[in-house]
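Listed below, chain by chain, are the residues.
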Amino acid sequence: MAKSVRFAKFFLNVLLSVVLSFSMVPLAFADEAEGAAASPSVGSEVAPPTDKEASLNKALDDVATLEAGTDYDPGTMLALIDGAAVQADGSPTSGLQGGEGISGLGSIEPVATGSWLGGLALVRVDVPDGMSTEEAAALLAADDNVVDFSLGYVCEPEYLSENAEAEVSTNDDINDALDKQWHLGFAEVPGAWSYMQNPDGTRVRGNVTVAVVDSGCDLDHPDLVANLDLENAYDVVTGGPLQGEVFTERGTAEEEFAGDNSPFSHGTHVCGIIGAETNNGIGTAGVSYDAKVLPINVFDPGTKKTPTGAIEAAFDYLFGLIDKDINNDINIKVVNLSVGSDQAMPLVAEKLKSALEHYNLTVVASAGNGGTSGEHYPSDYEQCISVINATPDRVREKNSNYGSGTDISAPGFHVWSTVDGGSYGYKCGTSMAAAIVSGVAALLYTMAPDATAQQVRDAIIEGAVPLRDKTTAAGMVSATNAMELLLFGVDYTDVETEEWYVVGGYFTYVERAGLMKGYSGTSLFGPELDMTRAEFATVLYRMANPDSGATTDPSLYENDRTGFADAVSGEYYTAALNWAKDAGIMTGDSSTNYTTVRPNDSLSRQEAAVMSQRFAGALGADTSVANMSTPDLLDWDDVASWARDAMTWCYHNAVISGWDNRNGTHSALPLKMVDRAQMTKIATVLDLDFAKKTSGPTV
């Protein structure tokens, strides 16, 4: 999986979440906020401001328009500083004003550091009582260690994490402004691009069309025009050819920061995420690697709303194009719907059925931005791939919906793309996340032109990377995983795409990481079969010893020792049980004076919890439960005294969560046996959050 990606520089313009409120059935855009880079003036003799001058000017302008109640903290600023000026714990070195921090300002607190920031560090700077934000901004602008800065928005840290191995700055084949496009790396798009090779070594470019049902598009944008289907671009509202982006006027600063409706360039932004021209040296690179984009407007520019009939008409228009496209010249494969409402749309649902059943179209829809688990349409209809907005911290962005109808997550926070007037800007929301998934679907169709919509859907959902978020089971899209699954994946006959362990990304993670595999000589994974104690130990061993073949290569099976009387030498599990005994993870049965381990017996949830906690502890993790509350589980009293600490630790670390009773309550079920489906989650969380972050016992 290609992850040779790092941030070269991080742009610190931060945008507040703007919730678009629309009344009645007409649809709302599925995004929260936007901010556009101004187009350069032609013939200007004024030198452009430096980064810090621009930051100072922006901070002063922002302060003038901010109102009480926004996600703005007047007591802090955010600064991107020279990494050499800050120690690992965030305290300043002697190079930063003699170790006292930034002159005239208070203490600094690290938000993010690491090689992925290109040697820089993001810190939160306290503004002393009595000092205005304008004065603090001036001090930051004057400090030589400060590279860039912005206001202290509360929401800022949500998209920054050392886990963000996420920027495509090392891909020599791409020369767009990739330092701003964190979403490409996080959705693992470059790895999928690597498969798009012709026999002569040239790149296969997108040969399908994505219809974008939205607010139109800037038809003259230099980064879009080569990939737009100008002949068929359509305006449902006027009933004629599309003339351009419907929403060309920016909202006022007060509207944008106070959270009022400002849908500036929505359709253009979505089109760019999907299909901006790749490798043209300017702007942004579309996820689809130059698929055609067919923009369709369904929004009234005056009311900023659309009746559901406009969505129906858009599908009728697309169906008509496909019916006439007998030579497959247009080749429409994907429809992006970054619009939505909390009210059902039965007639739109019928169009979605036709799209899937009669036209083999993959329809991708934004999950909405109400921050709730309530219903949202059309995304909740089963014919759609419903997309959540997730951050690089592998959590759901707080304003994203997360209902039971959602299918997958994608980067949607602070996404850089095209805007009206030939320019570029950032936007946030499930609209942006949906556009990324639409681009991934187009990539899959390019390399597998005969794939069905169901196969594309399955590859996208099964290829997800797990999130750390307890509010949703929908994993993060991985274009690389999806491509590999569609082209080379094992088709297990007993694994269903809609199962929780698949949707959450757990199954694909353990299978591709080599932690768990199907049964040899069959197409079965056995999700409902109980894990044995030997199998559990073997999965833990593989996490701690990823380069060892002692549990996978029969020629390397251990033959010279057994840690327990009933553990057979020369078996796949022998090395794992010996290792687990030496590491104190498995101690044996007290009834036999700890001489036996019952390797082929199933193990309960409370036994699995004990082994999981010991495993993390052996790797050096903090396994104390002193500050953890007792889990709110109905049958907590049924948990054995020897397992309560372990069950508490596993509960708070999402290793073994409460069993959902589907009535608002959860149970511990300590004596229930752990099956292989449950093990996919246990193994994924332990591997991502502990094994890959620490060093511990090896053979």
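The structure displayed is predicted, hence computed values, not measured ones.

**Quick word on the overall build of the protein**
No. 1: A count of helical and extended segments in the protein gives 18 helices and 19 strands.
No. 2: Long-range contacts, defined as pairs at least 24 residues apart, comprise 73% of the intrachain contacts of the protein with a sequence gap of at least 6.
No. 3: When the accessible surface of the protein is summed, it comes to about 27,100 Å², and 48% of that surface belongs to carbon and sulfur atoms.

**Description of the environment of Ala142**
No. 1: By the secondary structure assignment, Ala142 is in helix α2 (residues 133-142).
No. 2: In the structure, Ala142 is positioned 40 residues away from Ile102 in sequence and 9.7 Å away in space, judged by C-alpha atoms.

**Some words on the packing of helix α14 (residues 533-544) against helix α18 (residues 676-691)**
In a pair of packed helices, the angle between the axes and the distance between the axes together describe the arrangement.
No. 1: Taken N-terminus to C-terminus, the directions of α14 and α18 make an angle of 25°; their axes are 10 Å apart at the nearest point. In terms of their interaxial angle, α14 and α18 are classed as roughly parallel. The two elements α14 and α18 meet at a crossing, and its hand is right-handed. Each of Glu535, Phe536, Val539, Leu540 and Met543 in α14 lies in contact with α18, whose residues at this interface are Arg676, Met679, Ile682, Ala683, Leu686, Asp687 and Ala691.
No. 2: For the contact of α14 with α18, the class distribution of residues is nine nonpolar, no polar and three charged.

**Here we look at the packing of aromatic side chains**
No. 1: Using the criterion set out here, one finds 20 aromatic pairs in the structure.
No. 2: Judged by centre distance (6.4 Å) and plane angle (75°), the ring pair of Tyr501 and Phe507 falls under edge-to-face.
No. 3: The exposure class assigned to Tyr501 is buried, which follows from its relative accessible area of 4%.
No. 4: Residue classification places Phe507 among the buried residues on the basis of a relative accessible area of 5%.
No. 5: Each member of the aromatic cluster is reached from another via a ring pair, and the members are Tyr492, Trp500, Tyr501, Tyr506, Phe507 and Phe525.
No. 6: For Arg676, the ring lying beneath its charged end belongs to Phe525, and the centroid distance is 4.6 Å.

**What about the side chain of Thr538?**
No. 1: Secondary-structure assignment places Thr538 in helix α14.
No. 2: By relative accessible area, Thr538 is classed as buried at 2%.
No. 3: Within polar-contact distance, the side chain of Thr538 engages the backbone oxygen of Ala534 at 2.8 Å.
No. 4: Setting aside chain neighbours within four positions, we find Thr538 in contact with Thr551, Tyr572, Tyr573 and Ala576.

**A closer look at the pattern of salt bridges**
No. 1: Inspection of every chain in the model, using the stated rule, returns twelve salt bridges.
No. 2: Asp316 serves as the salt-bridge partner of Lys351, at 2.7 Å between the closest nitrogen and oxygen. In this pair, Lys351 sits in helix α8 (residues 346-357) while Asp316 sits in helix α7 (residues 308-324), placing the two residues 35 residues apart along the sequence.
No. 3: Relative accessible area serves as the criterion here: at 22%, Lys351 is assigned to the partly exposed category.
No. 4: Owing to a relative accessible area of 38%, Asp316 belongs among the partly exposed residues under this scheme.

**Re unusual backbone geometry**
No. 1: Residue Pro378 is reached from Tyr377 by a cis peptide bond, and omega for that bond is 10°.
No. 2: Here Pro378 is to be found in the loop between β13 (362-366) and β14 (384-390).
No. 3: Notably, Tyr289 is not glycine yet its phi reads approximately 50°, a positive angle.
No. 4: Within the secondary structure layout, Tyr289 lies in the loop between α6 (266-275) and β10 (292-297).
No. 5: One non-glycine residue with positive phi stands out, namely Ala654, at about 60°.
No. 6: Mapped onto the elements of the fold, Ala654 is located in the loop between α17 (644-652) and β18 (659-660).

**Structural notes on α2**
No. 1: Taken together, the buried positions of α2 are occupied by Thr133, Ala136, Ala137 and Leu140. Angular distribution of buried residues about the axis of α2 spans 100°; they occupy a single face of the element.

**What about the nonpolar core?**
Most often, soluble globular proteins have nonpolar side chains that are buried together.
No. 1: By size, the foremost hydrophobic cluster in this structure holds 62 residues, and its most contacted members are Leu540, Met543, Phe615 and Met679.
No. 2: Of all the secondary structure elements, the ones that give two or more residues to this core are α12 (500-503), α13 (506-512), α14, α15 (574-582), α16 (605-618), α17 and α18.
No. 3: With nine residues, α18 is the single largest residue contributor to this core.
No. 4: Beyond its immediate stretch of four places on either side in the chain, Met543 contacts Leu515, Phe615, Ala683, Leu686, Asp687 and Ala691.
No. 5: Formed by 57 residues, the second largest nonpolar core is a distinct cluster that contains Cys217, Leu242, Ile273 and Ile385.

**Things to note about the sheet that holds strand β11 (residues 332-337)**
No. 1: Spatially, eight strands are ordered β9-β8-β10-β7-β11-β13-β14-β15 in an open sheet, and the strand pairing comes out mixed. The sheet is open, and its two edges are formed by β9 (240-241) and β15 (408-411), each paired on a single side.
No. 2: By the bridge criterion, six bridges tie strand β7 (residues 209-214) to β10 in an arrangement that is parallel. The residue of β10 that forms the bridge with Ala211 is Leu294.

**Points about the state of the cysteines**
No. 1: Summed over the entire model, instances satisfying the criterion amount to zero disulfides.
No. 2: Unpaired in terms of disulfides, Cys271 finds its nearest cysteine sulfur in Cys217, a separation of 3.9 Å.
No. 3: For Cys271, a relative accessible area of 0% puts it in the buried group.

**Quick notes on the side chain of Lys681**
No. 1: Tracing the backbone shows Lys681 in helix α18.
No. 2: No salt bridge is formed by the buried Lys681; its nearest oppositely charged neighbour, Asp689, is found at 9.8 Å.
No. 3: Setting aside chain neighbours within four positions, we find Lys681 in contact with Trp500, Tyr506, Ala654, Val655 and Ser657.

**Structural notes on the confidence of the model for the protein**
No. 1: The predicted model of the protein has a mean per-residue pLDDT of 79, with 76% of residues at 70 or higher.
No. 2: This stretch, residues 61-72, has a pLDDT under 50; its non-local contacts, to residues over four places away or in other chains, come to 27 contacts.
No. 3: Here residues 112-118 is a poorly scored stretch, pLDDT under 50, and it has 22 contacts once near neighbours within four places are set aside; other chains count.

**A word on helix α11 (residues 479-488)**
No. 1: Of all the ten residues making up α11, seven are buried; the element is thus mostly covered by neighbouring parts of the structure.
No. 2: Among all positions in α11, only Ala479, Thr480, Asn481, Ala482, Met483, Glu484 and Leu485 are buried.

The rules behind these values
Residues numbered from 1 in each chain as written. Predicted model: local features only at pLDDT ≥ 70, side-chain atom pairs only at ≥ 80, totals over all residues. Heavy atoms only, no water. Helix = DSSP H or I, 4+ residues; strand = E, 2+ residues; numbered from the N terminus. Contact = heavy atoms within 4.5 Å. Areas by Shrake-Rupley, 256 points an atom, 1.4 Å probe, with all protein chains shown as cover. Axes fitted to C-alpha atoms, helices over the stretch in contact; angles between N-to-C directions. Parallel < 35°, antiparallel > 145°, perpendicular 65-115°, else oblique. Left-handed = near helix turned anticlockwise from the far one by under 90°. Nonpolar A, V, L, I, M, F, W, Y, C, P; charged D, E, K, R; others polar. Phe/Tyr/Trp six-rings, centres within 6.5 Å; stacked < 30°, edge-to-face > 60°. Buried < 20%, exposed > 50% of the residue type's maximum accessible area, 1.4 Å probe, protein only. Lys NZ or Arg CZ within 6 Å of the ring centre and 35° of its normal. Polar contact = N/O pair within 3.5 Å; in protein donor to acceptor, adjacent residues only side chain to side chain. Salt bridge = Lys/Arg side-chain N within 4 Å of Asp/Glu carboxyl O. Arc of directions from axis to C-beta. Core = buried A, V, L, I, M, F, W, Y, C linked by side-chain atoms within 4.5 Å. Pairing = 2+ DSSP bridges. Disulfide = S-S within 2.5 Å. Lys, Arg positive; Asp, Glu negative; His and termini not counted. pLDDT = per-residue confidence, 0-100.

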